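# Structural characterization, general
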There are 2 protein chains.
Amino acid sequence: MRADARKNRDHLLAVAGAAIAEQGVDASMRDIARRADVGLATLLRHYPTREALLEALLRASFDELTVKAGELETSSSPADALVSWLRDCVTWTTEYRGVTELMAAAIEDTESALHTSCVTLRAAGARLLSRAQEAGAARTDMDGTDLFALVAALAWLGDQPSLAPRADHLFGFVASALLTDAAITGSGETPRQG
Amino acid sequence: MRADARKNRDHLLAVAGAAIAEQGVDASMRDIARRADVGLATLLRHYPTREALLEALLRASFDELTVKAGELETSSSPADALVSWLRDCVTWTTEYRGVTELMAAAIEDTESALHTSCVTLRAAGARLLSRAQEAGAARTDMDGTDLFALVAALAWLGDQPSLAPRADHLFGFVASALLTDAAITGSGETPRQG
DNA sequence: ACCTGAACACCGTTCAAGT
DNA sequence: ACCTGAACACCGTTCAAGT
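Residues numbered from 1 in each chain as written. Chains lettered and ligands numbered in written order. Predicted model: local features only at pLDDT ≥ 70, side-chain atom pairs only at ≥ 80, totals over all residues. Heavy atoms only, no water.

### Things to note about the interface of chain B and chain A
Note the following rule: Working rule for contacts: check all heavy atoms of both residues, and any pair within 4.5 Å makes them a contact. As a working definition, buried area equals the accessible area (1.4 Å probe) given up by two parts on being put together, with both sides summed. One side-chain nitrogen of Lys or Arg within 4 Å of one carboxyl oxygen of Asp or Glu is enough to make a salt bridge.
Contact with chain B, which involves 32 residues of that partner, is made by 34 residues of chain A. In total, chain B and chain A occlude about 2,800 Å² of area from one another, counting both sides; carbon and sulfur atoms represent 65% of this. Linking chain B with chain A are four salt bridges. In this structure, A:Arg166 and B:Asp146 form a salt bridge, with 3.2 Å as the shortest nitrogen-oxygen distance.

### Notes on the protein's contact with DNA strand C
What counts here: Being near a molecule or strand, for a residue, comes down to having at least one heavy atom within 4 Å of it. Polar contact criterion, stated in full: a pair of N or O atoms within 3.5 Å, where within protein one must be able to donate a hydrogen and the other to accept it, and residues adjacent in sequence count only if both atoms are side-chain atoms. The numbering of helices and of strands both runs from the N terminus, where a helix is a DSSP run of H or I of at least 4 residues and a strand a run of E of at least 2.
Every one of the 17 residues lining DNA strand C counts as a neighbour, but A:Asn8, A:Thr42, A:Arg45, B:Arg30 and B:Arg50 are closest to it. For DNA strand C, the fraction of protein-proximal atoms (within 4 Å) that sit in sugar or phosphate groups is 58%. In this structure, a phosphate oxygen belonging to DNA strand C sits 2.6 Å away from a side-chain N or O atom of A:Thr42. Contact between DNA strand C and B:Arg50: a phosphate oxygen at 2.8 Å from a side-chain N or O atom of the residue. Broken down by secondary-structure element, the contributors of at least two residues to the surface near DNA strand C are helix 1 (3-23) and helix 3 (40-46) of chain A together with helix 2 (29-35) and helix 3 (40-46) of chain B.

### Focus on the relation of the copies chain B and chain A
Cut-off, in case you're wondering: Here the copies are matched by least squares. The fit uses the C-alpha atoms of residues with pLDDT of at least 70 in both.
Superposing chain B onto chain A requires a rotation of 180 degrees together with a translation of 0.0 Å along the rotation axis, leaving an RMSD of 0.0 Å. Interpreted geometrically, this transformation is the action of a two-fold axis. Here 100% of the contact residues of chain B are again contact residues in chain A; the copies associate through an equivalent surface.

### Observations regarding helix 7 (residues 115-134) of chain A
All names here are of chain A. For clarity, the threshold we go by: Every helix has an expected span of 1.5 Å times one less than the residues it contains.
For helix 7, with 20 residues, the first-to-last C-alpha span of 29 Å sits near the 28 Å given by 1.5 Å per residue. Buried residues belonging to helix 7 abut helix 4 (50-75), helix 5 (78-93), helix 6 (99-106) and helix 8 (144-159). Gly136 sits one or two residues past helix 7 and shows a positive phi near 75 degrees.

### Topic: the nonpolar core
Defined as follows: To define a nonpolar core, start from buried Ala, Val, Leu, Ile, Met, Phe, Trp, Tyr and Cys residues and group those joined through side-chain atoms within 4.5 Å. Classification of residues uses two cut-offs on accessible area relative to the type maximum, computed with a 1.4 Å probe and protein chains only: under 20% is buried, over 50% is exposed, and between them is partly exposed.
The biggest cluster of nonpolar side chains holds 138 residues, and the ones touching the most others in it are A:Leu82, A:Trp85, B:Leu82 and B:Trp85. Setting aside residues up to four positions removed in sequence, B:Trp85 forms contacts with B:Leu65, B:Lys68, B:Ala69, B:Leu72, B:Leu121, B:Ala124, B:Gly125 and B:Leu128.

### Re the state of the cysteines
To be explicit about the condition: The criterion for a disulfide is a pair of cysteine sulfur atoms lying within 2.5 Å.
What the rule picks out here adds up to zero disulfides over all chains. Lacking any disulfide linkage, A:Cys118 is separated from the closest cysteine sulfur, that of A:Cys89, by 11 Å.

### Section: the domain arrangement of chain A
Residue and element names in this part refer to chain A. Note the threshold: Throughout the structure description, domain borders are defined by an automatic or database domain assignment. Gly falls in the polar group here, along with every residue not listed as nonpolar (Ala, Val, Leu, Ile, Met, Phe, Trp, Tyr, Cys, Pro) or charged (Asp, Glu, Lys, Arg).
The domains assigned to chain A are domain 1 (1-48) and domain 2 (50-186). On a C-alpha basis, the centres of domain 1 and domain 2 stand 28 Å from each other. Counting residues at the interface gives 15 residues for domain 1 and twelve residues for domain 2. Of the roughly 1,200 Å² buried between domain 1 and domain 2, counting both surfaces, carbon and sulfur atoms make up 71%. For the domain 1 face of the interface with domain 2, the top three residues by lost area are Ile20, Val25 and Tyr47, together amounting to 44%. There are zero salt bridges connecting domain 1 and domain 2. Linking domain 1 with domain 2 are four residue pairs in polar contact (both at pLDDT 80 or more). Elements represented by at least two residues in the side of domain 1 that touches domain 2 include exactly helix 1 and helix 2 (29-35). Ranked by residues supplied to the side of domain 1 that touches domain 2, first place goes to helix 1 with seven residues. Here the residues of the side of domain 1 that touches domain 2 sort into ten nonpolar, three polar and two charged.

### Observations concerning the environment of B:Gly172
Along the chain, the position of B:Gly172 falls in helix 9 (residues 167-178). Taking the C-alpha atoms as reference points, B:Gly172 and B:Phe62, 110 residues apart in sequence, are found 23 Å from one another.

### Looking at the packing of aromatic side chains
Aromatic rings in a pair are described by how distant their centres are and how their planes are angled relative to each other. To be explicit about the condition: Stacked, tilted and edge-to-face are the three classes applied to pairs of Phe, Tyr and Trp rings, where Trp contributes its six-membered ring and a pair requires centres within 6.5 Å; stacked means planes under 30 degrees apart, edge-to-face means over 60, and tilted covers the rest.
Inspection of the entire model under this criterion finds three aromatic pairs over all chains. Taking 5.2 Å as the distance between ring centres and 65 degrees as the angle between the ring planes, the aromatic pair formed by A:Phe62 and A:Trp92 counts as edge-to-face. Of the two residues, A:Phe62 sits in helix 4 while A:Trp92 sits in helix 5, which places them 30 residues apart along the sequence. Residue classification places A:Phe62 among the buried residues on the basis of a relative accessible area of 2%. Ring geometry for A:Trp156 against B:Trp156: centres 5.8 Å apart, planes inclined by 20 degrees, an arrangement best described as stacked. Of this pair, A:Trp156 sits in helix 8 while B:Trp156 is found in helix 8 (residues 144-159), placing the two residues in two different chains. The exposure class of B:Trp156 is buried, given its relative accessible area of 2%.

### Brief notes about the side chain of B:Glu55
On the secondary structure map, B:Glu55 appears in helix 4 (residues 50-75). Apart from the residues within four sequence positions on either side, B:Glu55 is in contact with B:Ala113, B:Leu114 and B:Ser117.

### Details of the packing of helix 5 of chain A against helix 9 (residues 167-178) of chain A
All names here are of chain A. Using the following cut-off: For helices, the fitted axis covers only the stretch in contact; all axes are lines through C-alpha atoms, and the angles between them, taken along N-to-C directions, range from 0 to 180 degrees. The handedness criterion is simple: a crossing whose near helix is rotated anticlockwise from the far helix by less than a right angle is left-handed, and one whose near helix is rotated clockwise is right-handed.
For the pair helix 5 and helix 9, interaxial distance at closest approach is 11 Å and the crossing angle is 150 degrees. By crossing handedness, the relation of helix 5 to helix 9 is classed as right-handed. Two secondary-structure elements touch here, helix 5 through Leu82, Val83, Leu86, Arg87 and Val90 and helix 9 through Asp168, Phe171, Ala175 and Leu178. Across the contact of helix 5 with helix 9, the residue classes break down as seven nonpolar, no polar and two charged.

Pasting the structure below:
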């Protein structure tokens, strides 16, 4: 790639990041190009679709979350690892309004530029869930796809101005429903009789 | 209203219902007018906004759900009434893809044509929740707004092709988390000591 | 090798002009 | 009283022509 092209590309990504942080993932591509003082066609040659642009923009965050999941597997109790990773995921998505819907579409669209990242993320969550289930800390009637859906739904709530104030509370509701009583009362105690 | 205008209006609503059932609430207004063999400006004079059109389209369903809530209050146990009404709400929203997002926006926008209907719906849910809470059948850390948000989130899941297959399962997950153990093991037993 | 203006087919909004 | 064509300011896609 030529030096001027590389510079254009980096500049575009920075401008796109700002625009999308402000206006959400539906920010106009034309507007992003305008802000970057570049023709719309130039933006589209670097990033042929909105998803390709987002993939470049979110790659670092995706990687971080995946690495974090691996770290939590060794550093925290199964229940704590699961819940704190879920919280990280939900918190992260609130940075880019509307990204959840795109991710839900991408996870079953193998053509999407976001597909692989989403599948990897789901797998990371599934591992943490399995670990918690094997420890008797999480319900056994859930799998990685259920978990992905729950995170997506909670993130979606955070995107809706009228519902966002309850997003934290409902995260707690969902998280505690996901865990078993044994995990909630603490791993040191014996589960109480039902 | 003149007879020809009335006829136009009814015809527009029927056509809009079909288009929106097919394509979701984002169906092009221009396309709806085209299908109805009417100028776009005519559609917009009858229904000045997308929300006004949907309000006319959904009014009957809104009323039904509100009436249903009242009936369930006398015909069913507090827990059953709450859960079966929630299921009705979620099932209903799946008929019109995207309606949940519009409703979430409308409930805090007093200018929206859908505002009153959404507020009424939330109040009906809040009554069923209170009744269940007073009977010791539902968690007491939830209110009508939380309930509205949960229904919205579950309905949103049903709108996403990749997540829809889990929507029923996750409805059960949320519903059972909403109820107390006492309500789940049956209303004939005394709540256990916590 | 890289960039871009311009044409295209859409969208919802608005209003002057028609019946 | 009711309807509508047309102008407007947008959108993303595509490609021939320029540097």
